[in-house]
Each structure stands twice: as C-alpha cells, then as structure tokens.
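# A structural walkthrough
Next come the chains, spelled out residue by residue.
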Amino acid sequence: MKIREIGAFLPRRICACLALAACLLTAGAAGRPLYTRAAESSVIETVSITFKSTYGEPEEIIDPEITAGGGSYSLGDIQYRTEYEKWKPGKKVRVEITLTAAEGKYFPVSINRSKCKISGAEYVSAKALDNTTLQVKADYRPVTVLGTTERAGWSSRSKKKASWKAVSDAPGYTLTLYGDDKVVKRLNVETNSAELSEYMTDLDKTWYYEVKAVPLTAEQKKYLKEGAYVTSTDQEFDWEDYQKEQERLNGPADGGAVKGDSYVLPDGSRASNTWKKINDIWYYFDVAGNKARGWIQDGPAWYYMDASGAMKTGWLDLGGSWFYLGPDGAMQTGWIQPSPGSWYYMNQDGYMQTGWIEVNQKHYYLQANGAMAYNTSVDGRWLGADGAAVN
C-alpha cells in the first residue's frame, strides 16, 4: 500500500509526520545530511566592559579608558552621573554605558552580574532600552597619586611634636625620624602630626624627619599611590631644654626641700617658674614660688596640677569634660590610643569628642564614652575597620 493510500485511513497530523520522514529518507538516499544544524542564536547573552585606570601627576584624576569586547555589539554613549570637579579618589562614580547590537543581533530584557563581565569597576545593572540597545550601569572608583606636604616642621606647643600641612585625600602618613642623620624610628600615623618625645631622648643630637602621604589599608592601595618624601626643618635643643630634661629624669639635685607650699633652696630663696620632682611626683612652682594648681602652660604644652599640686597623667575628668594627659603630663590633642584597639579624638583644646566628627574629609562616630566605633552601622551609615564612614 502506498503512503498516499495509507493517509486515507490515518489522522492528518500523523500523515504529515510520515510525509516528513519520507522526505528525509529520500534526502539521505541522495547523499545529503539527514538533518541541518540550528542557526546560531541572534540573542546576545553575555557582554564584557573594561575600565582601565591611569595614574597622572600627583593629585591629578584622569578619566578611565572604557572598552567593550565582542563583535556582536559595540560601545555607544558614556555618561558620568557625578561632575568631574567633584570626583574624589576611591569615592564611587556612577557610570552609564550604552552598548549597540550589531545587525541581526538583539539584547535580552536584562543581563545579570554573571553574564555582564565588568573589569576595573563594580556591576550595578544591565537592562535593555530597546531590542538593539543595552544600558549598563557601573560604579567606578577614581585613582590618583597622593601629593606632597607644603610644610614640614615642629609644633609651636612642643619641640618634640612633628607637625606638617595635611595632604589632600591622604588617609595617613609614613614618618621617618633622624637623629644626627641616622634613622631612629619609622612609624605610620593617620593625622598630620606625631608626638616623638619617647624617641627624641638625646638632646645633643640634631633632629629632623621625612614624611610622605600614603595609603594605609589594602583597600586604599587599590586607588591611591603614595606621595613623595618631604624633609622637615631641623630641631635642636638649648641648655634650658637640656636642664629641664635632666630635672624631669633625675629630680632636683640642688639640695632644696619642700617647706609648706614652697620649694626652699639652701640659700633660703624659693624656687619659682620651675619644675621639681619630689618622691617621683612632679610639681610646678609658679612665679611667686608656690605650688601651681589647675591648668598651667609651660612653653607650648599644657599640664594639669591637682589640689595637692601634683602633676596629673592619663585620663582627667573635669566636671564631665574629659582630657588625656600623656606620660610626661602634656595635654594631648588629635587622635590618641590609650590602649590597643581603642581610639579617641581630642579637639585642639584637648576636649574628648563624642558623636559624629570630620577629620581630613572623613567622618567618624565616637560613642558616648568617646571610643571610636568601627565595623558597625550608625545612623544608617556603615563604619569600616578604620572607623571612617563608607558611602
């Protein structure tokens, strides 16, 4: 029975299938393939975009070079949603990029992170504006080389406190201290000053330091390169400085003694405007020869003497206002770390700060007890490992 005759007895759909099978068999007999490969898909399922960062001159920020790979699409318009004048190294800049499909190609409604490969920036989204146009949004972090400080010298309040002009966008600094041209100490600090008293013990030496702005964390090193060293002015000490240092270390060797509120020398005169170390306790005798009490200023530094006239060190609570006095009694300012892992900030007048503060264009949150918060969220803002708020 012929196929055409069988069709009279079978449903129409089965007949169609038999007819197709007959055609395939006939084609096979003629030496042609029994099936054909499906045409390649016209839908673009994956895309890739590369951001190439370039470091320019110190403190210069250069636009990234953006390229898009693949022959099935090409790079279109690029829009930055942050004005160039407001770009900051490491601070995210939203970029909107359009990709145009090649002829005969189409984009799906959206492409997820795994299929939208972005190098040098962070994926945000990839959605089609129409069949042949895809808009990709990414966050780019500008990079730069840190600048150099314009001034490096010493604090007017202390001959042993290094102080320099802050460098824009610098998260920290590396300082190398020299005594008579030999390296004495290297350290990293987060502020534009450093207390060096514990290292500058030899007053016969000529002291100076070199300082440069540097990134401190692995994350900061992704978008910042360290600046160049700048050499400070020299620091030398005179005989009066030497005498005070010796008295601080060894106490008075003048044969005097405390009588009442005064320090009386062997000739009967009273010591005035000077420090005396008595039984390992420091006292300051004022212009009238009496023990000083409360705040006193000696040179550039401030000290606090209690009701007995003894110099205070460490934490000091004055009516709910907290101060911190170093081991030498000098009032501290800026960032301090009284114990490992605990940071506090004292303003220029020595007051411990609480709440939100801004230091070197970064925001920090100090708890009610003054301790800096980190690795947590406060008021909807995340605080990183260094305590700085992250956008």
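See the structure shown above.
The sections below set out a description of the structure shown in this document.

### Notes on empty space enclosed by the protein
Under the criterion given, the structure shown has 1 cavity of 30 Å³ or more. By volume, the largest cavity amounts to about 50 Å³. Considering the residues around the largest cavity, the lining is formed by Ala170, Pro171, Glu190, Trp335, Val359, Asn360, Lys362 and Tyr364. Taken together, the residues of the lining of the largest cavity sort by class into 5 nonpolar, 1 polar and 2 charged.

### Structural notes on the nonpolar core
Judged by nonpolar contacts, the single largest core of 46 residues is most densely connected at Val47, Phe51, Leu99, Trp164, Leu175, Leu196 and Tyr209. Residues in contact with Leu175, not counting those within four places in the same chain, are Ala162, Trp164, Lys185, Arg186, Leu187, Ala194, Leu196, Tyr209, Glu210 and Val211. With 10 residues, the next largest nonpolar core counts Trp275, Tyr284, Ala301 and Ala330 among its residues.

### Here's the deal with the side chain of Thr191
Checked against the element boundaries, Thr191 lands in the loop between strand E12 (182-189) and strand E13 (193-195). Here Thr191 is in contact with Trp164, Tyr173, Trp335 and Asn360, once residues within four sequence places are set aside.

### Here's the deal with the sheet that holds strand E7 (residues 133-140)
Strands sit in the order E3-E4-E7-E6 across an open sheet of 4 strands; the sheet is antiparallel. Among the strands making up the open sheet, the edge pair consists of strand E3 (73-80) and strand E6 (122-130). For this sheet, the mean inter-axis angle between neighbouring strands, taken without regard to orientation, is 25 degrees. Here E3 pairs with strand E4 (residues 93-101) via 6 bridges, running antiparallel. The residue bridging Ser74 from the neighbouring strand is Thr100, located in E4.

### Considering the layout of surface pockets
In this model, the second largest pocket occupies a volume close to 340 Å³. Around the second largest pocket, the lining comprises 14 residues; the ones closest to its centre are Lys161, Asn192, Ser193, Thr333 and Gly334. Looking at the lining of the second largest pocket residue by residue, the class counts come to 2 nonpolar, 10 polar and 2 charged.

### Describing the sheet that holds strand E10 (residues 161-164)
Pairing in this open sheet of 3 strands is antiparallel, and the strands run E9-E10-E13 from one edge to the other. The sheet terminates laterally at strand E9 (152-154) and E13, the two strands that pair on one side only. Here the strands of the sheet are splayed against their neighbours by 20 degrees on average, with no regard to which way each runs. Taken together, the 3 bridges between E9 and E10 define a ladder with antiparallel strand orientation. If you follow Trp154 over to E10, its bridge partner there is Ala162.

Conventions used here
- Residues numbered from 1 in each chain as written.
- Predicted model: local features only at pLDDT ≥ 70, side-chain atom pairs only at ≥ 80, totals over all residues.
- Heavy atoms only, no water.
- 1 Å grid on protein atoms, 1.4 Å probe; cavity = no way out; pocket = protein on both sides within 12 Å on 5 of 7 lines; lining within 4 Å.
- Points joined across faces, edges and corners; volume = space filled by probe spheres on them.
- Nonpolar A, V, L, I, M, F, W, Y, C, P; charged D, E, K, R; others polar.
- Core = buried A, V, L, I, M, F, W, Y, C linked by side-chain atoms within 4.5 Å.
- Buried < 20%, exposed > 50% of the residue type's maximum accessible area, 1.4 Å probe, protein only.
- Contact = heavy atoms within 4.5 Å.
- Helix = DSSP H or I, 4+ residues; strand = E, 2+ residues; numbered from the N terminus.
- Pairing = 2+ DSSP bridges.
- Axes fitted to C-alpha atoms, helices over the stretch in contact; angles between N-to-C directions.

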